[in-house]
Amino acid sequence: MRAALVLHGPNLNLLGTREPAVYGRVSLTDVDRLVREAGRRRGVRVECRQSNVEGELINWLQGAAREGFGGVVLNPGAFTHYSIALRDAVSAIAVPVVEVHLSNIHGREEFRRHSVIAAVARGQIAGFGPQSYVLALDALLALGDGRAGRAVNQRRRRGV
Ligand code: DQA
């Protein structure tokens, strides 16, 4: 994988000032710097984008392969819990997507414990703060873009 796309969903632009007890005081700019730097050390170009608009995230997912990205790290924000449109976009594309969350959504309110994205993502990483993004980048690299990764994906689609 030569390039990875990092997508942040709604309200993540407010990171640093938004509910610091839950999300910490690190800004989105700092998160982006961390993951870009991790990419640089791994020889991967990392591009980070944020949107509060569901359709914009969908357009970026649909365009990921065309733009030359070999993987996507996606924090869907609250869309995680109800956006079937975002789920369909993740499911529709061949580029592997790893779902990430700063907080451990499984230890929070009931409505955050279910992700409609998780079943169609390659996997989910939650609860490690900004480091979740770096772990997701490593997960994408571990998948590789060769036959092993595709075989896993095919088995997953067949449900075995
Ligand atoms: C989040 C968790 C979501 O439940 C929430 O709506 C967010 C952030 C996280 O990174 O922990 O916006 O995705």
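Further up the page is the structure itself.
It should be emphasised that the depicted structure is a prediction, and the values quoted were computed from it without experimental measurement. (Residues numbered from 1 in each chain as written. Predicted model: local features only at pLDDT ≥ 70, side-chain atom pairs only at ≥ 80, totals over all residues. Heavy atoms only, no water.)

## Some details on the sheet that holds strand S5 (residues 123-126)
Stage number 1. One open sheet holds the five strands; their spatial order is S2-S1-S3-S4-S5, and the pairing between them is parallel. Lying at the two open borders of the sheet, with one neighbouring strand each, are strand S2 (45-50) and S5. Taken over all neighbouring pairs, the strand axes of this sheet differ in orientation by 20 degrees on average, direction set aside. (Pairing = 2+ DSSP bridges. Helix = DSSP H or I, 4+ residues; strand = E, 2+ residues; numbered from the N terminus. Axes fitted to C-alpha atoms, helices over the stretch in contact; angles between N-to-C directions.)

## Topic: the packing of helix H2 (residues 28-42) against helix H5 (residues 131-143)
In a packed pair of helices, the relevant descriptors are the angle between the two axes and the axis-to-axis distance.
Stage number 1. Between H2 and H5, the least distance of the axes is 9 Å, while the angle of their chain directions is 30 degrees. By the criterion of interaxial angle, the relationship of H2 to H5 is roughly parallel. Two packed elements cross with a definite hand, and for H2 against H5 that hand is right-handed. Packed against H2, whose contacting residues are Val 31, Leu 34, Val 35, Ala 38, Gly 39 and Arg 42, the element H5 presents Gln 131, Tyr 133, Val 134, Leu 137, Asp 138 and Leu 141 at the interface. (Parallel < 35°, antiparallel > 145°, perpendicular 65-115°, else oblique. Left-handed = near helix turned anticlockwise from the far one by under 90°. Contact = heavy atoms within 4.5 Å.)

## Some words on the site of the ligand
Stage number 1. Around the ligand, the neighbouring residues are Arg 18, Tyr 23, Asn 75, Gly 77, Ala 78, His 81, His 101, Leu 102, Ser 103, Ile 105 and Arg 112.
Stage number 2. Arg 18 has a polar side-chain atom sitting 3.0 Å from an oxygen atom of the ligand.
Stage number 3. Contacts to the ligand include Arg 112, whose side-chain N or O atom sits 2.9 Å from an oxygen atom.
Stage number 4. Isolated, the ligand exposes 330 Å² of accessible area, and the fraction of that covered by the protein chains is 99%.
Stage number 5. Structurally, the ligand is housed in the second largest pocket.
Stage number 6. Taken together, the residues of the shell around the ligand break down into four nonpolar, five polar and two charged. (Near = heavy atom within 4 Å. Polar contact = N/O pair within 3.5 Å; in protein donor to acceptor, adjacent residues only side chain to side chain. Areas by Shrake-Rupley, 256 points an atom, 1.4 Å probe, with all protein chains shown as cover. 1 Å grid on protein atoms, 1.4 Å probe; cavity = no way out; pocket = protein on both sides within 12 Å on 5 of 7 lines; lining within 4 Å. Sits in = over half its atoms within 2 Å of the grid points. Nonpolar A, V, L, I, M, F, W, Y, C, P; charged D, E, K, R; others polar.)

As far as function goes, none of this settles anything; it's purely spatial.
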